[in-house]
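Observations on chain architecture
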Amino acid sequence: MIKGIVGEKIGMTQIYNDNGRTIPVTVVKAGPCKVVQIKTAEKDGYEAVQLGFDKIKEKKVTKPLLGHFKKAQVHPHRYLMEIRMSIQGLTVGQDIHLDIFEKGEKVDVTGISKGKGFAGVMKRHGYHGGPGSHGSMFNRAPGSIGSSSYPSRVWKGKGMPGHLGSKRVTLKGLEVVDIKKEQNILLIKGAIPGATGGFLIISKP
């Protein structure tokens, strides 16, 4: 049974429910996806399905990857993603559509969060910082980072300035507000990880 699909984030908008209240939704272009490879417990040690999304020209694919697509006898795709699930009833070359989801169903959405570059501790970890007035020289600094003579080093896991964002993030239990099967559009309540045009995995819990 297929429990997930691959898609692309289009953006956010709002719709009205039956009571006239606005609901913020994220618009996702999901599918159709092609089953490119099926992994079995006997050969690979686990069961999974590799899905391809967004067809592209052959010249835009590397030769090893092109051989992978030709072996499966499917057209090259921009995105390849593996989802662990039961492979019963699945075949290579099969198309996966939005009919695997239902309106009102809860889904998990995985994407790459927006990269925000180098950030300080207040933005990265939510530190409060120091006083902002009266001549204070301690405003947005991290403060003391280590102990004294013991252990004479900085403890592992200490919140420090550094790269923020651009990580794989999964939001669980998001509601499917509406499904437009003819346009391959999925409306999911609330915000989801990533920027517009970002790659997403929508799966059942």
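This text gives an overview of the structure that appears in the document. (Residues numbered from 1 in each chain as written. Predicted model: local features only at pLDDT ≥ 70, side-chain atom pairs only at ≥ 80, totals over all residues. Heavy atoms only, no water.)

Quick look at the pairing of strand β4 (residues 48-55) now. Regular strands place side chains that alternate from one sheet face to the opposite one. Here β4 lies mainly inside the structure; six of its eight residues are buried. Judged from the five bridges that link them, strand β3 (residues 33-39) and β4 form a sheet pairing that is antiparallel. Pairing of K39 across the sheet is with A48, part of β4. (Buried < 20%, exposed > 50% of the residue type's maximum accessible area, 1.4 Å probe, protein only. Helix = DSSP H or I, 4+ residues; strand = E, 2+ residues; numbered from the N terminus. Pairing = 2+ DSSP bridges.)

Cis geometry marks the peptide bond from Y150 to P151, where omega comes out at 5°. With a phi angle near 55°, S166 is a residue other than glycine that sits in the positive phi range. Take S166: it is sitting in the loop between β9 (162-163) and β10 (168-180). Using a relative accessible area of 43% as the deciding quantity, one classes S166 as partly exposed.

In this fold, K39 is placed in strand β3. Of note is the side chain of K39, whose polar atom sits 3.4 Å from the side chain of Y46. Here K39 is in contact with D44, Y46, E47, A48, E82 and I87, once residues within four sequence places are set aside. (Polar contact = N/O pair within 3.5 Å; in protein donor to acceptor, adjacent residues only side chain to side chain. Contact = heavy atoms within 4.5 Å.)

To continue, consider the sheet that holds strand β12 (residues 199-203). Strand pairing within a sheet occurs via backbone hydrogen bonds; the two strands may be parallel or antiparallel. With antiparallel pairing, six strands are arranged side by side around a closed barrel as β1-β2-β11-β10-β7-β12. Taking each pair of neighbouring strands and ignoring which way they run, the sheet shows an average axis angle of 50°. Here nine bridges tie strand β1 (residues 4-16) to strand β2 (residues 22-30), and the two strands are oriented antiparallel to one another. Paired with T13 across the strands is V25, a residue of β2. (Axes fitted to C-alpha atoms, helices over the stretch in contact; angles between N-to-C directions.)

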